[in-house]
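Listed here are the chains, written in short residue letters.
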Amino acid sequence: MEREKKLISEKKYSILKEDLINIPPIDVADFLDTLEEKESLLIFRLLPKGMAAEVFAHLSAERQAVLFNLVNESELRSILEDLFFDDKVDLLEEMPANVVKKILKNTSEVERKLINQFLMYPDYSAGSLMTIEFVDLKKEMTIKEALESVRKNAPDKETIYTCYVTDAERHLEGTISLKDLVLADGEVKVGDIMKKKPMCVNTHDDQEDIADLFKRYDLLALPVVDNEHRLVGIITVDDIVDVIEEEATEDIYKLGAVEPTDEEYITAGIFKLARKRIVWLIFLMISATLTEFIIVSFDDKLKLFGLSAFIPLLMDTGGNAGAQASTVVIRSIVLGEVNFKDLLKVIWKEIRIGVTVGPILAVLNFTRIYFISGRPFGVALTVTLTLMATILVAKMLGGILPLCAKKLKLDPAIMASPLITTMVDSIALIIFFTIASLLLVS
């Protein structure tokens, strides 16, 4: 966007406006986020009304709050009128209280009631994701009447590719695609060609389960019903893309033993980031005291045979082996490829992987320790056997623990590398000193 920045510096706003109209709204939003506050407001005011609302929906929460505080009442009302309903709800969830008050002040009474209803749905549920901007038809309508209804209502709807058929009490009865409507005979009834018993979700269903449905069936939209099977909204694929990103981000945080946060890294406060990390660090530090206890218990053998030099090798290799297994299994769980009933298959597969890679690493280490470093045969054999046993156990734990976590309705990602590594460290030392006691002391 160097050209646009140059046009701003030269104050060629008419040329800049023409340029911005031809740029995707999300890229314009990214551009505005890089500008100074007053500068971004000036450029935002250049945008056509419809485009301004779309650009606004893509801005960061911080920049949205700034613009809301800077624009006048008529501009605010104009933005809100053109925002889709689900974007308004998302906006309210991110904004500070004073901005929320200003937003609600500029919405209609009916919309305020709907917004409040949406905000009461549980976080991460279908109800918190859905939009009310969809096309609904009656099965008694003719195709001609249905198309007229679509034409009349389409400008205010988020998507019209699928229309939803309801009865007088708004119970969901079927769906019909815009393609089917266009191709059908005008006098045919909607109920005659609609798809009955369509797939739908409840308002309280978890967003992660809904994302799985979108991925599995390649959906563009999914109807949301209440406990009485009344149609209350739809979830569109653009919102699910955001969910998938959120879930992936959360898993990445947990893989690194960090509590998830919604804030961007650059804008988040130091103390907040530290608070998100300290809990896991304390837990892992306390867990590591078991490793310390094991080392102290065998301190005499460590000194006598010089075994302490091999502890980092065994712990790091075991931890990495376990982390590899857990990462692959966690990914498979998320994609729905494996579940708890596959536990024995996963264990057997990881055993075979451990038996394959363990001896290769063991032989390489035996060669290095005995032939290159000149250590005693007993020490080299002890390290070699320990390495093979540790890799085997680590691979099994890496496969078992995520599946057990899923079975207990916990996030499998919590069984990721930091926790697996801590557990494998202790097991590796127990195996190491047990084998050393049998081979070297006896």
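In the block above lies the structure referred to throughout.
The text that follows walks through the structure, step by step, so that each part is easy to find. All values reported here derive from a predicted model rather than from experimental measurement. (Residues numbered from 1 in each chain as written. Predicted model: local features only at pLDDT ≥ 70, side-chain atom pairs only at ≥ 80, totals over all residues. Heavy atoms only, no water.)

Pairing in this open sheet of 3 strands is mixed, and the strands run E5-E6-E7 from one edge to the other. At either margin of the open sheet sits one strand with a lone partner, and together these are strand E5 (201-202) and strand E7 (231-236). Summarising the sheet, strand E6 (residues 221-225) and E7 pair through 5 bridges and their orientation is antiparallel. Residue Leu-222 lies in a different strand from E7, and its bridge partner there is Ile-235. (Pairing = 2+ DSSP bridges. Helix = DSSP H or I, 4+ residues; strand = E, 2+ residues; numbered from the N terminus.)

On to the nonpolar core, then. Of all hydrophobic cores here, the largest spans 49 residues; its most connected members are Phe-56 and Ile-235. Look past the residues within four positions of Phe-56 in its chain and what remains in contact with it is Phe-44, Gln-64, Leu-67, Phe-68, Ile-79, Leu-83 and Leu-91. If you look at the next biggest cluster of nonpolar residues, it comprises 24 residues, including Ala-380, Leu-387, Leu-397 and Leu-429. (Core = buried A, V, L, I, M, F, W, Y, C linked by side-chain atoms within 4.5 Å. Buried < 20%, exposed > 50% of the residue type's maximum accessible area, 1.4 Å probe, protein only. Contact = heavy atoms within 4.5 Å.)

Moving on to a nonpolar patch on the surface. Residues Ile-278, Val-279, Ile-282, Met-285 and Ile-286 make up a contiguous nonpolar surface patch of about 460 Å² in total accessible area. Relative to the helices and strands, Ile-282 is located in helix H17 (residues 270-287). (Patch = residues over 30% accessible without salt bridge, like charges linked within 9 Å, V, L, I, M, F, W, Y side chains within 5 Å. Areas by Shrake-Rupley, 256 points an atom, 1.4 Å probe, with all protein chains shown as cover. Salt bridge = Lys/Arg side-chain N within 4 Å of Asp/Glu carboxyl O.)

The angle between the axes and the distance between the axes are what describe a pair of packed helices. Helix H6 (residues 61-70) packs onto helix H4 (residues 37-46) with a crossing angle of 75 degrees between their chain directions and a minimal axis gap of 10 Å. Overall, the two elements H4 and H6 adopt an arrangement that is roughly perpendicular. On the side of H4, the interface is formed by Glu-37, Ser-40, Leu-41, Phe-44 and Arg-45, while H6 contributes Arg-63, Val-66, Leu-67 and Leu-70. Across the contact of H4 with H6, the residue classes tally to 5 nonpolar, 1 polar and 3 charged. (Axes fitted to C-alpha atoms, helices over the stretch in contact; angles between N-to-C directions. Parallel < 35°, antiparallel > 145°, perpendicular 65-115°, else oblique. Nonpolar A, V, L, I, M, F, W, Y, C, P; charged D, E, K, R; others polar.)

This paragraph deals with unusual backbone geometry. The phi angle of most residues is negative, glycine excepted, and most peptide bonds adopt the trans form. The phi dihedral of Lys-11 falls on the positive side, at around 60 degrees, and the residue is not glycine. On the secondary structure map, Lys-11 appears in the loop between helix H1 (2-9) and helix H2 (13-21). A relative accessible area of 62% means that Lys-11 is categorised as exposed. Phi at Lys-197 is positive, roughly 50 degrees, even though this residue is not glycine. Within the secondary structure, Lys-197 is located in the loop between strand E4 (195-196) and E5.

Strand order in the open sheet formed by 4 strands is E1-E2-E3-E4, and the pairing between neighbours is mixed. Of all the strands in the sheet, just strand E1 (136-138) and E4 have a single pairing partner and so form its edges. Note that E1 and strand E2 (residues 162-166) share 3 bridges and pair parallel. The partner of Asp-136 across the bridge, within E2, is Tyr-164.

Our next topic: the pairing of E7. In summary, the side chains of a regular strand alternate between the two faces of the sheet. Most of E7 sits out of view: 5 of its 6 residues are buried. From the end of E6 to the start of E7, which pair antiparallel, there are 5 residues, and His-229 there has a positive phi angle of about 65 degrees.

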